[in-house]
Amino acid sequence: MKYLKCIALTIAIIGAINWGLIGLFNFDLVSFIFGSIPMISKIIYILVGICGIYLITFYGQLHEEAE
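Residues numbered from 1 in each chain as written. Predicted model: local features only at pLDDT ≥ 70, side-chain atom pairs only at ≥ 80, totals over all residues. Heavy atoms only, no water.

Q: If you had to explain the overall build of the protein chain to someone new, which residues and values would you point to?
A: Looking only at helices and strands, the protein chain features three helices and zero strands. For the protein chain, the N- to C-terminal ordering of α and β elements is α-α-α. Taken against the 2.2 N^0.38 rule, which gives 11 Å for 67 residues, the C-alpha radius of gyration of the protein chain at 14 Å runs more than 25% over that of a compact globule. The principal-axis extents of the C-alpha atoms in the protein chain amount to approximately 50 × 25 × 15 Å. Pairs at least 24 residues apart make up 50% of the contacts formed inside the protein chain by residues separated by at least 6 positions. (Helix = DSSP H or I, 4+ residues; strand = E, 2+ residues; numbered from the N terminus. Rg over C-alpha atoms; globule rule 2.2 N^0.38 Å. Contact = heavy atoms within 4.5 Å.)

Q: Describe the state of the cysteines, listing the residues and the values that go with them.
A: This model, assessed by the stated rule, comprises zero disulfides. Sulfur of C6: no disulfide; nearest cysteine sulfur belongs to C51 and is 12 Å away. (Disulfide = S-S within 2.5 Å.)

Q: Describe in detail the packing of aromatic side chains, supporting the description with residues and values.
A: All chains considered together, the criterion is met by two aromatic pairs. Considering the side-chain rings of F27 and F32, the 5.2 Å spacing of their centres and the 55° angle between planes classify their relative orientation as tilted. Take F32: its relative accessible area is 61%, and that puts it in the exposed class. Centre to centre, the rings of Y54 and F58 are 5.8 Å apart; their planes meet at 70°, and the pair counts as edge-to-face. With Y54 and F58 both in helix α3 (residues 38–66) and four residues apart, the pair spans about one turn of that helix. (Phe/Tyr/Trp six-rings, centres within 6.5 Å; stacked < 30°, edge-to-face > 60°. Buried < 20%, exposed > 50% of the residue type's maximum accessible area, 1.4 Å probe, protein only.)

Q: I'd love a proper account of the side chain of S41, names of residues and values included.
A: You can see S41 is positioned in helix α3. Ignoring sequence-local partners within four residues, the contact set of S41 consists of V30, S31 and F34.

Q: Any chance you could break down a nonpolar patch on the surface for me, citing the residues and the numbers?
A: Where nonpolar side chains cluster on the molecular surface, the patch consists of I37, M39, I40, I43, I46, L47 and I50 and spans about 610 Å² of accessible area. Structurally, M39 is set in helix α3. (Patch = residues over 30% accessible without salt bridge, like charges linked within 9 Å, V, L, I, M, F, W, Y side chains within 5 Å. Areas by Shrake-Rupley, 256 points an atom, 1.4 Å probe, with all protein chains shown as cover. Salt bridge = Lys/Arg side-chain N within 4 Å of Asp/Glu carboxyl O.)

Structure below.
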């Protein structure tokens, strides 16, 4: 599970950086890298979303650690 958490966190961080670039500079890094292959960009966006949903479960773990 440790590796899954690290992978999910890494993908979510990449997604967050991409959103930061979009917000600040209107630059989509994923589209820039994979622009000629839109299906890969779509898969990356889906993975970022899935990782974000998975990382929501970390809140429950934080609550358990606090007790």
